[in-house]
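Residues per chain are reported as follows:
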Amino acid sequence: MPTINPTRPGSIRIGDELRVPRLGFGAMRITGDGIWRPPQDPAEARAVLRRAVELGVRFIDTADSYGPETSELLIAEALHPYPADLVIATKGGIVRPDKPTWARDARPAHLRAACEASLRRLRLQRIDLYQLHAIDPNVPLEDSLGELARLQREGKIRCIGVSNVDAKQLARARRVVDVVAVQNRCNVADRSSDPVLAICERDGLAFIPWSPLGQSPQDADAPPRVALQRWGREHGLTLQQAAIAWLLARSPAMLPIPGTSQLAHLEANVAAANASVSAAELRAIG
Ligand SMILES: NC(=O)c1ccc[n+]([C@@H]2O[C@H](COP(=O)([O-])OP(=O)(O)OC[C@H]3O[C@@H](n4cnc5c(N)ncnc54)[C@H](OP(=O)(O)O)[C@@H]3O)[C@@H](O)[C@H]2O)c1
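Residues numbered from 1 in each chain as written. Predicted model: local features only at pLDDT ≥ 70, side-chain atom pairs only at ≥ 80, totals over all residues. Heavy atoms only, no water.

**Side note on empty space enclosed by the protein**
Stage number 1. Inspection of the entire model under this criterion finds one cavity of 30 Å³ or more.
Stage number 2. Looking at the largest cavity, its volume works out to about 40 Å³.
Stage number 3. Asn-187, Val-188, Pro-212, Leu-213, Gly-214, Arg-225, Leu-228, Leu-239 and Ala-243 are the residues that line the largest cavity.
Stage number 4. Going through the elements one at a time, α7 (223-234) and α8 (239-250) are the ones with two or more residues in the lining of the largest cavity.
Stage number 5. Grouping the constituent residues of the lining of the largest cavity by class yields six nonpolar, two polar and one charged. (1 Å grid on protein atoms, 1.4 Å probe; cavity = no way out; pocket = protein on both sides within 12 Å on 5 of 7 lines; lining within 4 Å. Points joined across faces, edges and corners; volume = space filled by probe spheres on them. Helix = DSSP H or I, 4+ residues; strand = E, 2+ residues; numbered from the N terminus. Nonpolar A, V, L, I, M, F, W, Y, C, P; charged D, E, K, R; others polar.)

Written out as structure tokens, the structure reads:
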């Protein structure tokens, strides 16, 4: 059974107190179609979560909006009581009034209610990493993060992260709270967050790439993705495995969170953490 080799890809620090192996699991895909309501087979979703932990994953990313509520509930059902070293990162600031809608709501009162509801669903006293899912254009960032800082002082949150921010917004956020992690879209075809990644590397923040496998149509024909696929084939890896190996090699700040609803894909993704990409190969992939 593949387990995450602790020396490759190594571990990463999240804030001053937490350290996890550098391959996480994204728990958005364990919900129903369209990230809405329970999955067709909740038992399989719970099995995927348990297997992830068995294989050595110690960082699980979720959000109250995944389902909504479903992903957090499944995590608790599958894994509570949690291993002491498991870090569960959740998010607030996006609401799902209906299946197609992902609406921003980062008003302080909403974030407080969202965080407290996540604590209950996850059966936790404190959330290790609570991330502002997205900036709400109708609410000053300072107000949203100010509330997260209050929740942190009250002991309900250990560390604070932000998501979907550019470099300027990150700097603004860091003037309000100690941001320890950034979660942005990033994969071989989408380098738009490279400036943020560079800041994370420089200042010791974890960079959590979402959509790490680059599975969306928007990523499909990018030349580096084609080069990555070729490199993967030469090394006996699928494109998805190559994508994970590439991210891990790209920066020590990178903490990928590939998401899957399938045991076989989970195992393949975890095995990819043991592959290595040399600096020359990284350059050749582009
Ligand atoms: N902060 C944000 O705004 C934000 C936005 C989106 C996602 N996220 C987080 O990021 C995580 C990952 O993002 P994502 O799920 O969008 O993208 P992803 O992990 O790049 O791709 C997931 C897709 O790839 C498939 N897949 C996974 N492993 C595979 C494999 N080995 N072979 C073939 N297909 C495979 C999955 O389908 P199967 O289920 O069939 O395997 C799923 O459709 C999410 O779980 C969530 O935690 C955050």
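**Some remarks on the pattern of salt bridges**
Stage number 1. Overall, the coordinates contain 24 salt bridges when judged by the stated rule.
Stage number 2. Here Arg-158 makes a salt bridge to Glu-17, at a shortest N to O gap of 2.2 Å. Here the residue Arg-158 occupies a position in strand β9 (residues 157-163), and Glu-17 occupies one in the loop between β1 (11-14) and β2 (18-21), the gap between them amounting to 141 residues.
Stage number 3. A relative accessible area of 58% places Glu-17 in the exposed class. (Salt bridge = Lys/Arg side-chain N within 4 Å of Asp/Glu carboxyl O. Buried < 20%, exposed > 50% of the residue type's maximum accessible area, 1.4 Å probe, protein only.)

**A short note on the layout of surface pockets**
Take a probe with the size of a water molecule and roll it over the atoms, and the empty space left behind shows itself.
Stage number 1. Taken as a whole, the largest pocket holds about 800 Å³ of empty space.
Stage number 2. Around the largest pocket, the lining comprises 32 residues; the ones closest to its centre are Met-28, Arg-29, Ser-211, Pro-212 and Gly-259.
Stage number 3. The element best represented in the lining of the largest pocket is helix α9 (residues 263-272), accounting for three residues.
Stage number 4. Residue composition of the lining of the largest pocket, grouped by class: twelve nonpolar, 17 polar and three charged.

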